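Summary of the model geometry
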Number of protein chains: 2
Amino acid sequence: MKKRRVTINDIAQELNVSKTLVSMVLNGKGDDNAINKETQKKVLDKAKELNYKPNQVARGLRTGTTKTIGLIVADISNPFFARITRTIENYAEKAGYNIIVCSSDENDDKENALLRTLINRQVDGIIMSSTQQDTSKIEEIVSDRMPLVLFDRKFENAKYSSVTVDNCEATRSAIDHFVSNGHKNIGFITLAPSHISPLIDRKRGFIQAMEEQNLTIDSENILELGFYDLKDKQYYQIKDFIEKHQDLTAVFTANNSIVVGCMEAMNNLGRSIPEDLSIITFDDVELFKYTNPPLSSIAQPLEDIGKNSVSILLNQLKNDNTETQHIVLNTTLNIRQS
Amino acid sequence: MKKRRVTINDIAQELNVSKTLVSMVLNGKGDDNAINKETQKKVLDKAKELNYKPNQVARGLRTGTTKTIGLIVADISNPFFARITRTIENYAEKAGYNIIVCSSDENDDKENALLRTLINRQVDGIIMSSTQQDTSKIEEIVSDRMPLVLFDRKFENAKYSSVTVDNCEATRSAIDHFVSNGHKNIGFITLAPSHISPLIDRKRGFIQAMEEQNLTIDSENILELGFYDLKDKQYYQIKDFIEKHQDLTAVFTANNSIVVGCMEAMNNLGRSIPEDLSIITFDDVELFKYTNPPLSSIAQPLEDIGKNSVSILLNQLKNDNTETQHIVLNTTLNIRQS
DNA sequence: TTTTCTTACTAAAACGATTTAGTTTAGCCT
DNA sequence: AGGCTAAACTAAATCGTTTTAGTAAGAAAA
């Protein structure tokens with residue numbers, strides 16, 4: 001036997017007042033509307049007595065705001081996204097918002113379907129790390145219906161606010177580190193064909209750094225894994241690459257999943273890090289401190305990424321502020337033993 | 001200038017029919033209600049033309065179902081929960097549900113507040129890994145309002161359906177493995193005072209296995225870290241323990257965060273795994289394959305945990321089926337080099 | 001010929017809140 | 001005495017659906 005929820009009407013009836021009055025009082029607008037202090041107290045007491053809890057769905061229908069934020073990431077089980085999700089949750093909660101989490105699996109159609117779902121659910125705003133090439137489809141779906149903030153990945157046209165890191169600069173600093181340790185033959189493993197902005201910028205950073213250091217860039221030394229390929233296939237490409245390029249003394253990997261494949265390949269080829277090959281990777285994961293050897297990596301400020309995404313969104317919600325902001329955060333190069 | 005959403009009314013007006021008819025047709029109840037095929041087609045076409053999308057909030061208010069599942073975990077950034085969340089998301093999506101994710105931070109009050117929030121949001125059901133000692137508070141809040149499924153952790157009174165693993169048996173198999181490798185002095189590191197069911201069962205498993213193997217259980221060899229202590233404090237306790245118990249040749253750690261502290265302590269004490277101390281830990285994490293040395297661990301069937309949780313919940317939603325189910329899944333012992 | 005059944009449709013209530021546009025009473029001013 | 005204001009409150013509309021309880025017209029059954 002499901003209990004019927006207590007509504008504002010129940011309170012109104014028990015006290016013989018109108019539900020208008022009850023609503024006003026419970027929303028703290030009692031004084032503004034000249035409701036008698038005593039009546040206000042009666043309402044508040046009765047609400048507590050009956051354990052009244054406002055029905056957010058009804059409120060959402062009437063006010064058009066659901067106090068919900070939609071979050072779309074490629075995969076919530078990726079620690080990078082999981083940790084950002086956590087900070088987004090925290091900051092959203094402080095402002096009374098809950099989040100609906102969705103994984104797009106790097107699939108454009110799925111991402112668009114998720115956008116539509118979130119819009120139908122009337123979320124107040126969306127935070128997303130988009131997998132798409134451009135904003136055309138997104139604009140069509142979202143079409144000024146609600147604020148959208150991008151993180152990690154952004155678009156050329158800068159139409160939506162974004163929170164990213166300086167991927168180019170970060171990568172350059174890693175390459176510079178290699179060079180200052182005497183490396184000249186430096187490889188680069190990334191994903192392609194890829195329109196994902198951080199991956200583009202990381203590659204750009206690699207090339208810029210190599211040029212500035214007057215090192216020749218042999219396109220043979222750049223491995224571009226198929227973006228949509230299975231982990232298995234990517235692994236064999238990495239292993240192949242490492243086997244064929246024994247002249248390389250260092251390699252930079254463009255994200256945390258590539259470097260895992262790289263370690264596995266080194267293991268299976270019986271080669272050791274860093275004696276046979278030095279590695280620095282983009283993205284830091286807690287366990288990189290304990291791998292064999294501890295991995296040098298570029299750590300992104302996950303907390304700040306989440307925090308800024310939420311604050312931009314909330315700001316846009318509050319002020320109906322359409323001005324887009326683009327925040328670029330700094331990374332940290334953690335040199336360990338790889 | 002925000003666009004007004006297209007509603008069912010817009011369709012009705014443009015076609016000069018009632019919104020009742022439109023609603024029926026769009027919900028596939030046209031035939032049941034003897035709506036003319038031609039009229040049905042007109043409605044469907046117009047809906048497509050205007051790009052009509054049902055407002056889930058309004059629908060939720062009327063029908064009382066929001067097609068939303070609430071998910072409460074201790075911390076979404078913990079890979080254990082992140083991966084389960086991902087599978088829950090997948091299976092929920094197949095049935096048309098979205099999930100609202102919340103982290104309780106192992107805090108009873110926060111967990112209760114989250115339960116209340118989810119109920120006010122009219123989620124259709126809740127999946128939770130509870131941090132609480134018993135169900136009294138939970139029953140008070142949820143009070144038959146909606147189905148609740150527990151995973152990872154369950155309660156003595158078996159009031160709510162649950163999906164767990166056989167923690168006792170899994171731990172025993174790990175200890176047996178130690179013994180068959182010649183270990184006699186085996187330590188155990190867990191959290192306490194803890195009412196968390198998997199932790200209780202893991203300790204029980206340890207003690208049972210030791211007794212069966214006729215090994216003496218020295219309470220000195222069991223370290224119970226403060227459940228609510230900071231990571232830092234826990235770390236120093238672990239380091240202390242390892243330093244003082246050089247007689248131990250093997251240690252079992254009760255979860256993935258403890259083992260990380262353990263590795264760090266071994267590192268800093270200049271002792272090596274497994275030469276000076278063998279380790280097996282509960283929980284498996286992708287990178288355990290690449291740590292130094294690769295860690296032996298008990299892997300939980302994360303996919304199955306998520307899948308079963310969702311299917312029990314959906315089943316309870318569909319059939320208004322109050323019968324509780326308790327599913328206990330098996331784990332895998334991954335022996336690596338620690 | 002009246003009654004009953006289909007077929008095809010609709011008006012209005014309902015979900016639970018918020019908001020708009022009032023009403024009533026008393027007190028004050030002139 | 002009549003008008004005006006402030007205080008305290010309320011009726012009804014509204015948000016966008018779904019659902020209940022119909023109606024109207026023509027066909028079939030009695």
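Rules used throughout
Residues numbered from 1 in each chain as written. Chains lettered and ligands numbered in written order. Predicted model: local features only at pLDDT ≥ 70, side-chain atom pairs only at ≥ 80, totals over all residues. Heavy atoms only, no water. Helix = DSSP H or I, 4+ residues; strand = E, 2+ residues; numbered from the N terminus. Rg over C-alpha atoms; globule rule 2.2 N^0.38 Å. Contact = heavy atoms within 4.5 Å. Areas by Shrake-Rupley, 256 points an atom, 1.4 Å probe, with all protein chains shown as cover. Near = heavy atom within 4 Å. Polar contact = N/O pair within 3.5 Å; in protein donor to acceptor, adjacent residues only side chain to side chain. Nonpolar A, V, L, I, M, F, W, Y, C, P; charged D, E, K, R; others polar. Expected span 1.5 Å × (residues − 1). Buried < 20%, exposed > 50% of the residue type's maximum accessible area, 1.4 Å probe, protein only. Domains from an automatic or database assignment. Buried area = accessible area lost by both parts, 1.4 Å probe. Salt bridge = Lys/Arg side-chain N within 4 Å of Asp/Glu carboxyl O. Least-squares fit on C-alpha atoms with pLDDT ≥ 70 in both. Axes fitted to C-alpha atoms, helices over the stretch in contact; angles between N-to-C directions. Parallel < 35°, antiparallel > 145°, perpendicular 65-115°, else oblique. Pairing = 2+ DSSP bridges. Right-handed = clockwise from strand over helix to strand, strands pointing away. Core = buried A, V, L, I, M, F, W, Y, C linked by side-chain atoms within 4.5 Å.

**Considerations on the overall build of chain A**
The number of helices and strands found in chain A is 12 helices and 12 strands. Relative to a compact globule of 338 residues, whose C-alpha radius of gyration would be 20 Å, chain A shows 26 Å and is clearly more extended. In terms of overall dimensions, chain A has a C-alpha envelope of 85 × 40 × 35 Å along the principal axes. Of all intrachain contacts in chain A linking residues separated by at least 6 positions in sequence, the fraction that spans at least 24 positions is 67%. On chain A, roughly 15400 Å² of surface is accessible, and the fraction owed to carbon and sulfur atoms is 45%.

**Examining the protein's contact with DNA strand C**
In the vicinity of DNA strand C there are 25 residues, among which Ile 8, Ser 23 and Arg 62 of chain A together with Ser 18 and Thr 20 of chain B approach most closely. Here, DNA strand C places atoms within 4 Å of the protein, and 59% of those atoms are sugar or phosphate. Note that a base oxygen of DNA strand C is positioned 3.2 Å from one of the side-chain N or O atoms of Thr 20 of chain A. Every element with two or more residues in the surface near DNA strand C is listed here: helix 2 (19-26) and helix 4 (56-63) of chain A together with helix 2 (19-26) and helix 4 (56-63) of chain B. Examining the composition of the surface near DNA strand C, we find that four residues originate from one element, helix 4 of chain A, more than from any other. Looking at the surface near DNA strand C residue by residue, the class counts come to nine nonpolar, 11 polar and five charged.

**What to know about helix 5 (residues 79-94) of chain B**
Residues and elements named next belong to chain B. The end-to-end C-alpha separation of helix 5 is 23 Å, in line with the 22 Å expected for 16 residues at 1.5 Å each. Along helix 5, the residues that are buried comprise Phe 80, Phe 81, Ala 82, Ile 84, Thr 85, Arg 86, Thr 87, Ile 88, Glu 89 and Ala 92. Where helix 5 begins, the side chain of Asn 78 points an oxygen toward the backbone nitrogen of Phe 80, at a separation of 2.8 Å. Phi for Gly 96, located one or two positions after helix 5, is positive at around 85 degrees.

**Details of the domain arrangement of chain A**
The assigned domain composition of chain A is domain 1 (8-54), domain 2 (66-165 + 303-331) and domain 3 (167-299). Using only C-alpha atoms to locate each centre, domain 1 of chain A and domain 3 of chain A end up separated by 63 Å.

**Focus: the interface of chain A and chain B**
Between chain A and chain B, the residue contacts involve 56 residues of the former and 56 residues of the latter. Note on chain A versus chain B: buried area summed over both sides is about 5000 Å², and carbon and sulfur give 54% of it. It is Arg 86, Arg 121 and Tyr 290 of chain A in chain A that bury the most area against chain B; as a group they hold 15% of the surface buried on that side. The tally of links between chain A and chain B comes to six salt bridges. Inspection of the region where chain A meets chain B yields 26 residue pairs in polar contact (both at pLDDT 80 or more). Elements with a minimum of two residues in the side of chain A that touches chain B: helix 4, helix 5 (79-94), strand 2 (98-103), helix 6 (108-120) and helix 11 (256-268) of chain A. In terms of residue class, the side of chain A that touches chain B is made up of 20 nonpolar, 18 polar and 18 charged.

**Side note on the protein's contact with DNA strand D**
In the vicinity of DNA strand D, 26 residues are found, and the nearest of them are Ser 18, Thr 20 and Arg 62 of chain A together with Ser 23 and Arg 62 of chain B. A share of 59% of the atoms of DNA strand D within 4 Å of the protein falls on sugar and phosphate groups. Note that a phosphate oxygen of DNA strand D is positioned 3.0 Å from one of the side-chain N or O atoms of Thr 39 of chain A. Between DNA strand D and Lys 19 of chain B there is a distance of 3.2 Å, counted from a base oxygen to a side-chain nitrogen or oxygen.

**So, the relation of the copies chain A and chain B**
Between chain A and chain B, which share one sequence, the superposing operator has a rotation angle of 180 degrees and an axial displacement of 0.0 Å; the RMSD is 0.1 Å. Taken together, the rotation and translation describe the operation of a two-fold axis. In terms of C-alpha distance to the rotation axis, chain A has Thr 291 of chain A as its closest residue, with the C-alpha 1.8 Å off the axis. In this assembly the copies share their binding face: 100% of the residues contributing to the interface of chain A also contribute to that of chain B.

**Remarks on the side chain of His 183 of chain A**
All names here are of chain A. Take His 183: it is sitting in the loop between helix 8 (167-180) and strand 6 (186-192). Given a relative accessible area of 14%, His 183 falls into the buried group. Side-chain polar atoms of His 183 contact the side chain of Ser 278, separated by 3.5 Å. In contact with His 183, other than residues within four places in its own chain, are Phe 178, Leu 215, Thr 249, Ala 250 and Ser 278.

**Observations concerning the packing of helix 2 of chain B against helix 3 (residues 37-49) of chain B**
Residues and elements named next belong to chain B. Across the interface, helix 2 lies against helix 3 with an axial gap of 10 Å and an inter-helix angle of 85 degrees. Of the possible angle classes, the one that applies to helix 2 and helix 3 is roughly perpendicular. Here Leu 21, Val 22, Val 25 and Leu 26 of helix 2 come into contact with helix 3, specifically with Thr 39, Gln 40, Val 43, Leu 44 and Ala 47. Taken together, the residues of the contact of helix 2 with helix 3 break down into seven nonpolar, two polar and no charged.

**Digging into the pairing of strand 8 (residues 250-253) of chain A**
Residues and elements named next belong to chain A. Neither face of strand 8 is open: one carries Ala 250 and Phe 252, the other Val 251 and Thr 253, and all of them are buried. In this structure, strand 6 lies alongside strand 8, joined through four bridges in parallel fashion. Considered in strand 8, the bridge of Phe 188 is made with Phe 252. Relative to strand 9 (residues 278-282), strand 8 runs parallel, the two sharing four bridges. Paired with Phe 252 across the strands is Ile 280, a residue of strand 9. Read from strand 8 through helix 11 to strand 9, the crossover connection turns out right-handed.

**Things to note about the nonpolar core**
Among the nonpolar cores identified, the biggest contains 85 residues, and Phe 151 and Phe 252 of chain A together with Phe 151, Ile 175, Ile 186 and Phe 252 of chain B are the most heavily contacted of them. Leaving out residues up to four positions away in the same chain, Phe 252 of chain A has contacts with Thr 171, Ala 174, Ile 175, Phe 178, Gly 187, Phe 188, Ile 189, Ile 280, Thr 281, Phe 282 and Ile 298 of chain A. Counting 58 residues, the second largest nonpolar core, distinct from the first, contains Val 259 and Ile 279 of chain A together with Ile 196 and Ile 273 of chain B.

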